[in-house]
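Each chain, letter by letter, is given below.
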Amino acid sequence: MIDSIIFDFDGTLINTNDVIIEAWQHTYRYYGMDEPPIEHITGCFGEPLLITMAREFPDVDPEESAQVYRNRQNEKAEELVSLFDDIPELLQALKRKNYKLGIVTSRTRESTLRYLERFGIERYFDGIVTCDDTHKHKPDPEPVLSGLEKLGTDAEKALMIGDSSFDMKSANNAGVKTVLVGWRVAAANENIGECTVNYSIDEPMDLMEILEKM
């Protein structure tokens, strides 16, 4: 019986797609590089930031390029970040059913909490795991396993909701069943066929139907 729901953050709960793309474009320009196709940028969605930075800007300290990127995100957040439709309604419905809710994200703790507070949904979550909290990151199972520990539950009693192959693989490796969201950026999931996706949903509230049938 499922008692816990673990959510990815970017592209699942919060629509940060536009601000992430714009911040990447800015970072390429900052270092005098041509902007790659958007499909190249979205293909990195869900990957730990420092890993992507080291690959994309091999001659720059990843911490430095990451700060350029984060500063640009902060500048554009008010303009480009929004909450996906029906997410508050879904969280309320899950809490009414007494599910424990968690977040497992490759984003920093500071920015995760800042966005949760901005959109008034931080009160719904019982445990949050960010890139600051684990030594290994998605698709390694460590973040999801840490999320299970924070929620006080077992792998067979949880679902992982996400938008990328990194989410699906991390959950697969942790023995947690997966739900792929239909509002994802498609190019971020070129490797989704390599993952086990147990369920797919087109709209947030579709999750309630899956839970009722389980």
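Above: the structure in question.
Treat the numbers as computed from the prediction; the structure is a model and nothing was measured. (Residues numbered from 1 in each chain as written. Predicted model: local features only at pLDDT ≥ 70, side-chain atom pairs only at ≥ 80, totals over all residues. Heavy atoms only, no water.)

Draft legend 1. How the structure looks around the overall build of the protein. A count of helices and strands for the protein gives nine helices and eight strands. In terms of overall dimensions, the protein has a C-alpha envelope of 55 × 35 × 30 Å along the principal axes. Within the span of the protein, comprising 214 residues, buried residues form 55% of the whole. Expressed as a percentage of contacts within the protein between residues at least 6 apart in sequence, the contacts between residues at least 24 apart total 66%. As displayed, the protein offers around 9,900 Å² of accessible surface, 46% of which is attributable to carbon and sulfur atoms. For the protein, the distance from the average position of its 22 positive side-chain charges to the average position of its 40 negative side-chain charges is 5 Å. (Helix = DSSP H or I, 4+ residues; strand = E, 2+ residues; numbered from the N terminus. Buried < 20%, exposed > 50% of the residue type's maximum accessible area, 1.4 Å probe, protein only. Contact = heavy atoms within 4.5 Å. Areas by Shrake-Rupley, 256 points an atom, 1.4 Å probe, with all protein chains shown as cover. Lys, Arg positive; Asp, Glu negative; His and termini not counted. Charge placed at Lys NZ, Arg CZ, Asp CG, Glu CD.)

Draft legend 2. Layout of the sheet that holds strand β7 (residues 177-181). The six strands are arranged β5-β4-β1-β6-β7-β8 in an open sheet whose pairing can be described as parallel. Whereas interior strands pair on both sides, the edge strands pair on one side only; in this sheet they are β5 (127-129) and β8 (199-201). Adjacent strand axes in the sheet meet at a mean angle of 20° when their direction is disregarded. Across four bridges, strand β6 (residues 158-162) lies against β7 in parallel orientation. Looking across to β7, one finds that M160 is bridged to T178. Sheet contacts for helix α6 (residues 109-118): β4 (100-104) and β5; angle to β5, the most-contacted strand, approximately 140°. Sitting on the sheet, helix α9 (residues 206-213) is in contact with β1 (4-7), β6, β7 and β8, with an inclination near 150° to β8. (Pairing = 2+ DSSP bridges. Axes fitted to C-alpha atoms, helices over the stretch in contact; angles between N-to-C directions.)

Draft legend 3. Representation of the nonpolar core in the model. By size, the foremost hydrophobic cluster in this structure holds 49 residues, and its most contacted members are I5, F7, L94, F125 and L207. The dominant element in this core, judged by the number of residues it contributes, is helix α1 (residues 17-30), at six residues. Discounting residues that sit within four places of it in the chain, L207 has contacts with I5, L90, L94, L159, I161, V179 and I201. Formed by 12 residues, the second largest nonpolar core is a distinct cluster that contains V129, L148, A155 and A174. (Core = buried A, V, L, I, M, F, W, Y, C linked by side-chain atoms within 4.5 Å.)

Draft legend 4. The arrangement of the packing of helix α4 (residues 62-80) against α6 in detail. At a closest axis distance of 13 Å, the pairing of α4 and α6 adopts a crossing angle of 10°. Put simply, α4 runs roughly parallel to α6. Two secondary-structure elements touch here, α4 through Q73, N74, A77 and E78 and α6 through R114, Y115 and R118. (Parallel < 35°, antiparallel > 145°, perpendicular 65-115°, else oblique.)

Draft legend 5. Quick look at the packing of aromatic side chains. Summed over all chains, the structure comprises nine aromatic pairs. Seen in terms of ring centroids, F7 and F125 are 6.3 Å apart; in terms of plane orientation they differ by 90°. Their pairing is edge-to-face. One end of the pair, F7, is in strand β1; the other, F125, is in the loop between α6 and β5, with 118 residues separating them in the sequence. A relative accessible area of 1% means that F7 is categorised as buried. Measuring from centroid to centroid gives 5.4 Å for Y31 and F57, while their planes differ by 45°, and the two rings are tilted. Highlighted residues: Y31 in the loop between α1 and α2 (38-42) and F57 in the loop between α3 (49-56) and α4, separated in sequence by 26 residues. (Phe/Tyr/Trp six-rings, centres within 6.5 Å; stacked < 30°, edge-to-face > 60°.)

Draft legend 6. Main features of unusual backbone geometry. The peptide bond linking K138 to P139 adopts the cis configuration, its omega dihedral lying at 15°. The residue P139 is located in the loop between β5 and α7 (142-151) in this model. Here the phi dihedral of D86 falls at roughly 70°; this positive angle occurs in a residue that is not glycine. Within the fold, D86 resides in the loop between β3 (82-83) and α5 (87-96). Of note in this structure, N98 is not a glycine but carries a positive phi near 70°. Looking at the element boundaries, N98 is found in the loop between α5 and β4.

Draft legend 7. Representation of the pairing of β7 within the structure. Within β7, four of the five residues are buried, which leaves the element mostly enclosed by the surrounding structure. With respect to chirality, the unit in which β6 leads through helix α8 (residues 165-174) into the neighbouring parallel β7 is right-handed. (Right-handed = clockwise from strand over helix to strand, strands pointing away.)

On their own, these measurements won't tell you what the molecule is for.
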